[in-house]
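Take a look at the letters that make up each chain.
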Amino acid sequence: MKMRTLWLAAGTVMVLAIGGTLAFSPFNAPSVAQVAAPAAPLQVPQSDTQIKLSFAPVVRAVAPSVVNVYATRIEQQAVSPFASDPFFSRFFGEGQFQSRPQESHALGSGVIVDAGGVILTNRHVIEGATDVRIALSDGREFAVDIVIEDAQTDLAVLRVRQPGDVSFPAITFADSDALLVGDLVLAIGNPFGVGQTVTSGIVSALARTGVESSDYEFFIQTDAAINPGNSGGALVDLDGHLVGINTAIYSQSGGSVGIGFAIPANMARLVADAGVSGGEIIRPWFGAKMQAVNSDIAASLGMAAPHGALIAEVAPDGPAARAGFAAGDVILSVDGVAVDDPSAFNFRLATKPIGQATNLERLRSGATEVVSFTVEPAPVAGGDMLATITGKSRFAGASVRQLDAALAEAKDLPYDARGVIVTAIEPGSPAEGMGLRVDDIILALNDIPMDTAGAFAETASKSVRTWQIILQRDGRVTRSIVSG
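Reading the values: the criteria
Residues numbered from 1 in each chain as written. Predicted model: local features only at pLDDT ≥ 70, side-chain atom pairs only at ≥ 80, totals over all residues. Heavy atoms only, no water. Helix = DSSP H or I, 4+ residues; strand = E, 2+ residues; numbered from the N terminus. Buried < 20%, exposed > 50% of the residue type's maximum accessible area, 1.4 Å probe, protein only. Core = buried A, V, L, I, M, F, W, Y, C linked by side-chain atoms within 4.5 Å. Contact = heavy atoms within 4.5 Å. Phe/Tyr/Trp six-rings, centres within 6.5 Å; stacked < 30°, edge-to-face > 60°. Lys NZ or Arg CZ within 6 Å of the ring centre and 35° of its normal.

Trainee: Explain the overall build of the protein chain to me, please; I cannot follow it from the model alone.
Mentor: Helices and strands together make up the secondary structure of the protein chain, namely 10 helices and 27 strands. Taken across its 484 residues, the protein chain has 47% of its residues classed as buried.

Trainee: Even after reading the chapter, I still don't get the nonpolar core, so can you show me in this structure?
Mentor: Within soluble globular proteins, side chains that are nonpolar generally end up buried alongside one another. Counting residues in each nonpolar core, the largest one holds 52 residues, and the members touching the most others are Leu120, Phe286, Phe325, Ile331 and Phe345. No other element matches helix α4 (residues 265-277), which puts 7 residues into this core. Leaving out residues up to four positions away in the same chain, Ile331 has contacts with Phe286, Met290, Gly308, Ala309, Ile311, Phe325, Val339, Phe345, Leu360 and Glu361.

Trainee: Looking at this model, I keep getting lost on the environment of Arg123. Mind explaining?
Mentor: Along the chain, Arg123 turns up in helix α3 (residues 123-126). By relative accessible area, which is 22% here, Arg123 ends up partly exposed. Between the alpha carbons of Arg123 and Leu155 there is a distance of 4.6 Å; along the sequence they are 32 residues apart. What Arg123 contacts, discounting residues up to four positions off in sequence, is Glu149, Asp150, Ala151, Asp154, Leu155 and Ala156.

Trainee: Sorry, what's going on with unusual backbone geometry here?
Mentor: The bulk of non-glycine residues show a negative phi, and the bulk of peptide bonds are trans. Here the phi dihedral of Asp335 falls at roughly 50 degrees; this positive angle occurs in a residue that is not glycine. Turning to its location among the elements, Asp335 is positioned in the loop between β17 (330-334) and β18 (337-338). With relative accessibility at 31%, the residue Asp335 sits in the partly exposed group. Although it is not a glycine, Asp412 sits at a positive phi angle of roughly 60 degrees.

Trainee: Looking at this structure, I do not really get the packing of aromatic side chains. What am I missing?
Mentor: Two descriptors summarise a pair of aromatic rings, namely the distance from one centre to the other and the angle between the planes of the rings. In this structure the tally under the stated criterion is 8 aromatic pairs. Here Phe218 and Phe347 contribute two aromatic rings whose centre-to-centre distance is 4.4 Å and whose plane-to-plane angle is 15 degrees, an arrangement assigned as stacked. Placement of the pair is Phe218 in the loop between β10 (197-208) and β11 (219-222) and Phe347 in helix α7 (residues 342-350), with a sequence separation of 129 residues. Judged by its relative accessible area of 1%, Phe347 falls in the buried class. Ring centres of Phe395 and Trp467 lie 5.2 Å apart, and the angle between their planes is 80 degrees; this geometry places the pair in the edge-to-face category. Of this pair, Phe395 sits in the loop between β21 (386-388) and β22 (398-402) while Trp467 sits in strand β26 (residues 466-473), placing them 72 residues apart in sequence. As far as the burial class goes, Phe395 and Trp467 line up, both buried. An aromatic cluster of three or more residues is present, and its members are Phe286, Phe325, Phe345 and Phe373. One cation-aromatic arrangement involves Arg362 over Phe325; the distance from NZ or CZ to the ring centre is 5.1 Å.

Read these as layout, nothing more, since geometry by itself doesn't imply function.
If you want it as structure tokens, here you go:
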């Protein structure tokens with residue numbers, strides 16, 4: 001898979017893909033100390049005077065845990081540049097310009113996180129793939145199934161389909177919160193498909209945001225060379241433990257210029273643990289909308305420097321409201337770890353186990369205090385909040401969910417937003433033919449408010465001559481009339 005790359009052009013940074021709360025469960029993985037040492041053991045450099053020594057013991061221990069990932073996609077490609085032109089379709093017939101399936105291949109890297117054959121990689125490496133395979137460092141190949149695709153973290157979990165009696169060499173996770181700027185790290189992956197490659201560098205920055213459009217932006221920055229194909233590979237410390245999953249680079253050329261980014265191991269471990277246990281990713285919900293504290297806000301609040309996450313709005317009866325938080329509060333730290341902005345707060349909270357009491361430092365009316373906050377999951381949509389239309393309905397093939405405060409927050413909607421949101425559209429269904437899309441919010445059908453999933457299911461199943469639909473798409477409310 002080509003590396004997700006951030007291009008710098010005309011002074012603007014753009015993200016271009018070129019190619020994540022669960023309790024911690026330790027993985028069964030070999031440590032550096034468990035690896036057989038050579039007759040004349042080498043040592044990892046510990047000081048400037050030892051710089052002529054070698055990183056080989058670390059590489060020898062970790063390399064077997066890093067795999068190559070091969071993803072195959074079937075994409076529809078038009079056979080003519082005039083395929084979308086209505087003029088030519090009218091005179092020559094649409095059948096003349098039908099698209100044809102074309103196979104494409106992508107390459108990336110992955111990290112074995114369980115001896116049973118569970119692999120962690122980037123979601124963008126396998127997104128849309130119809131077939132995925134991995135190759136171990138010794139050349140053995142295995143077909144894998146996609147267990148988890150988590151868009152919120154750009155991580156995915158794969159599982160070997162038929163592992164047989166093979167015990168896979170799993171890596172050990174490190175505490176990425178213990179990383180410091182200047183720490184030495186190694187990046188291992190398969191850049192440009194040349195084969196497993198190891199590069200070295202330092203942690204050049206921590207808690208980087210604005211790198212990707214994922215929900216949990218909190219990246220480790222390193223100058224260890226990372227290139228296309230390194231996506232999903234390992235960033236390890238000198239103990240041979242995983243500190244991050246390599247995922248993006250800044251580049252003007254598509255190659256490494258010494259600014260690479262990795263998803264911290266403390267977030268990656270949550271997704272990996274869900275894949276190993278076969279469960280789902282359960283994340284906490286704070287129940288408040290936040291904004292960064294700029295210089296003007298800091299001055300108005302009497303803060304010496306702009307930092308923290310300012311609460312702009314609190315969900316009624318949400319976890320934050322029940323804990324006593326209100327609009328205007330500034331959260332300064334989570335369990336003693338300072339937060340600079342909302343992204344940092346979201347990351348810190350997301351790595352806390354559900355049910356754990358967490359200490360949040362709050363600034364209110366010029367005074368600071370520590371508030372104990374019990375981490376809660378977002379409310380789960382029950383059966384009465386979901387609906388799927390079948391049969392001969394014009395809406396057949398559409399699945400919807402009733403909006404609640406948590407979902408409204410996730411979709412950047414007001415907490416009191418009403419309606420049902422489309423969660424899935426079956427390909428080739430009447431709903432797809434009508435033009436409905438995922439994330440459309442249906443507000444009313446034939447002047448009947450769609451406040452609940454039940455109301456939608458009852459109304460959409462009726463037989464009528466025409467439908468008057470009021471929906472919200474990309475922030476705009478539109479009204480349309482379609483046949484029944």
